[in-house]
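# A look at the structure
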Amino acid sequence: MARLEIDNLTKRYGDFHAARDVTLDVPEGEFLVLLGPSGCGKTTTLRMIAGFVEPTAGSVKIGGRDVTMLPPWKRNTGLVFQNYALFPHLTVGQNVAFGLEMRSVPKAEIDTKIVEALKLVRLDHLIDRLPRQLSGGQQQRVALARALAFRPDVLLLDEPLSNLDAKLRGEVRVEIRNLQQRLGITTVMVTHDQEEALTMADRLVVMRAGGIRQIGTQQDLYERPSDHFVADFVGRSSFLKGTMSGHDLTTRGGLHVRCAATVEGPAVMALRPERVFVDTKPIADVENTFEGKVEFVSYLGGMIDIHIRLSPEDQVIAQVPNHDIALPGVGETVHVGWAATSAVFPADADLQE
Ligand SMILES: Nc1ncnc2c1ncn2[C@@H]1O[C@H](COP(=O)(O)OP(=O)(O)OP(=O)(O)O)[C@@H](O)[C@H]1O
Ligand SMILES: [Mg+2]
């Protein structure tokens, strides 16, 4: 385990920036997740840390040592990819041995280390099987054992769970997280699965178009998204779009919405569905109250989503706990309210429909 420092890491292909000025400081033992839409540069960043992609600029330090110019096998990073990448003709034990042999671990130690690593993922009894004689989840755990066998300073995981079915994904997720905490191993994982990111990470990095948009804990991202994109990408929000003047947002549909913060010009207010209140009578104690028509009610078990139309251009979703209350029916008029302290951002032109 070690601290990982990435400074202004950049990868250009011709004029195109696959990653741009990525700077991260990952303390020893942290589980950091890179999250972002397809093509935003997550894998490129991870591969630059591992040494499989040569950066155009910037540096990578592991445990205070600059490894930017070192080949992958001299960086002491363990890697697990989406598609297991086990050698099909080698047994489980031989697959795990591979990483150790690459690093010239003495022969006498290899056998012990293989068993140790397989015990970590509870697969030591399958040491002589071939990959095709294992389930997907077991194969992925072998890949994990292979990455951990030489006790890497940094563990790098690129969508390690995306080929597994939902139930297995949940199990292996917990297993990886427990193991990572037990070993105290600094870990960077890439995913575009929000739930996975939120449940596993100590901190998250939201990327877009090669760059970092926000770094923070789950609460930071959810409660204080830095911009329109992050508010849209992490968690759910209803966006009221319009033009702002002072503390007044005039929406496209002509509503006047009071905002605590202020942004000049084209702006959006982001409303988390559980912060939108619905009632049959006017809502007290919030600055913004409107009447709207229920368009759609979606029953989610413990929670219920109520989609409410406020104007031809403005719609909000309210999420209410399922407390056995009478739900408004489609077409009914209801009162809706939310606080002026809800987030407002300059409108991101790329996110306007
Ligand atoms: N060798 C390459 N040559 C040119 N462009 C590349 C190369 N490798 C990656 N890119 C481009 O760089 C961008 C970032 O790719 P990357 O694989 O890092 O995305 P990602 O965030 O991992 O996406 P996904 O979630 O789909 O895996 C993409 O637009 C991709 O097309
Ligand atoms: Mg990728």
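Only a predicted model underlies this, so the values are computations on that prediction, with no experimental measurement involved. (Residues numbered from 1 in each chain as written. Chains lettered and ligands numbered in written order. Predicted model: local features only at pLDDT ≥ 70, side-chain atom pairs only at ≥ 80, totals over all residues. Heavy atoms only, no water.)

Moving on to the pairing of strand S3 (residues 31-35). A regular strand places its side chains so that they alternate between the two faces of the sheet. Burial runs high along S3: 5 of the 5 residues are buried. With 5 bridges joining them, S3 and strand S8 (residues 186-191) adopt parallel strand pairing. In the strand pairing of S8, Leu32 is matched with Val188. Relative to strand S9 (residues 203-208), S3 is paired through 4 bridges, and the arrangement is parallel. (Buried < 20%, exposed > 50% of the residue type's maximum accessible area, 1.4 Å probe, protein only. Helix = DSSP H or I, 4+ residues; strand = E, 2+ residues; numbered from the N terminus. Pairing = 2+ DSSP bridges.)

With that out of the way, let us pick up unusual backbone geometry. In the Ramachandran plot, Asp21 falls in the positive-phi region, its phi being about 45° despite a non-glycine side chain. Checked against the element boundaries, Asp21 lands in strand S2 (residues 16-26). Notably, Arg151 is not glycine yet its phi reads approximately 45°, a positive angle. By the secondary structure assignment, Arg151 is in the loop between helix H4 (136-148) and strand S7 (154-158).

Moving on, we come to the pattern of salt bridges. According to the stated counting rule, one finds 18 salt bridges in the structure shown. Note that Arg122 and Glu175 form a salt bridge whose closest N and O atoms lie 2.9 Å from each other. Taken together, the residues span a long stretch of sequence, with Arg122 in the loop between helix H3 (107-120) and H4 and Glu175 in helix H5 (residues 166-183) at a distance of 53 residues. One salt bridge connects Asp305 with Arg236, and the closest N-O pair in it is separated by 2.8 Å. With Asp305 in strand S17 (residues 303-311) and Arg236 in the loop between helix H8 (228-233) and strand S11 (238-245), the pair connects residues that are 69 residues apart, well separated along the chain. Exposure remark for Asp305: the relative accessible area of 4% places this residue in the buried category. What makes Arg236 partly exposed here is its relative accessible area of 39%. Bridged by salt links that share partners, the residues Arg3, Glu5 and Asp25 form one connected network. (Salt bridge = Lys/Arg side-chain N within 4 Å of Asp/Glu carboxyl O.)

Their axes nearest at 9 Å, the elements helix H2 (residues 92-102) and H3 cross at an angle of 120°. With respect to each other, H2 and H3 are oriented oblique. In the packing of H2 onto H3, the handedness of the crossing is right-handed. Where H2 approaches H3, its residues Val92, Gly93, Val96, Ala97, Leu100 and Glu101 are matched on the opposing element by Lys107, Ile110, Lys113, Ile114, Ala117 and Leu118. (Axes fitted to C-alpha atoms, helices over the stretch in contact; angles between N-to-C directions. Parallel < 35°, antiparallel > 145°, perpendicular 65-115°, else oblique. Left-handed = near helix turned anticlockwise from the far one by under 90°. Contact = heavy atoms within 4.5 Å.)

We now examine the domain arrangement of the protein. Segmentation of the protein into domains returns domain 1 (4-223) and domain 2 (240-351). Listed as interface residues are 5 residues of domain 1 and, on the opposing side, 6 residues of domain 2. Between domain 1 and domain 2, a total of about 420 Å² is buried, with carbon and sulfur atoms accounting for 21% of that surface. Considering only the surface of domain 1 that becomes buried against domain 2, Arg208, Tyr222 and Glu223 emerge as the three largest contributors, covering 93% of it. Inspection of the domain 1/domain 2 interface yields 3 salt bridges. Linking Arg208 and Asp348 is a salt bridge whose minimum nitrogen-to-oxygen distance equals 2.7 Å. Here domain 1 and domain 2 share 4 residue pairs in polar contact (both at pLDDT 80 or more) between them. Broken down by element, the residue count for the side of domain 1 that touches domain 2 peaks at 3 residues, all from helix H7 (residues 218-223). Residue composition of the side of domain 1 that touches domain 2, by class: 2 nonpolar, no polar and 3 charged. (Domains from an automatic or database assignment. Buried area = accessible area lost by both parts, 1.4 Å probe. Polar contact = N/O pair within 3.5 Å; in protein donor to acceptor, adjacent residues only side chain to side chain. Nonpolar A, V, L, I, M, F, W, Y, C, P; charged D, E, K, R; others polar.)

Bringing H2 into the picture now. Taken together, the buried positions of H2 are Val92, Gly93, Asn95, Val96, Ala97, Gly99 and Leu100. Among the structural elements, H3 and H4 are those in contact with the buried residues of H2. Immediately beyond the C-terminal end of H2, within one or two residues, lies Ser104, with a positive phi of roughly 50°.

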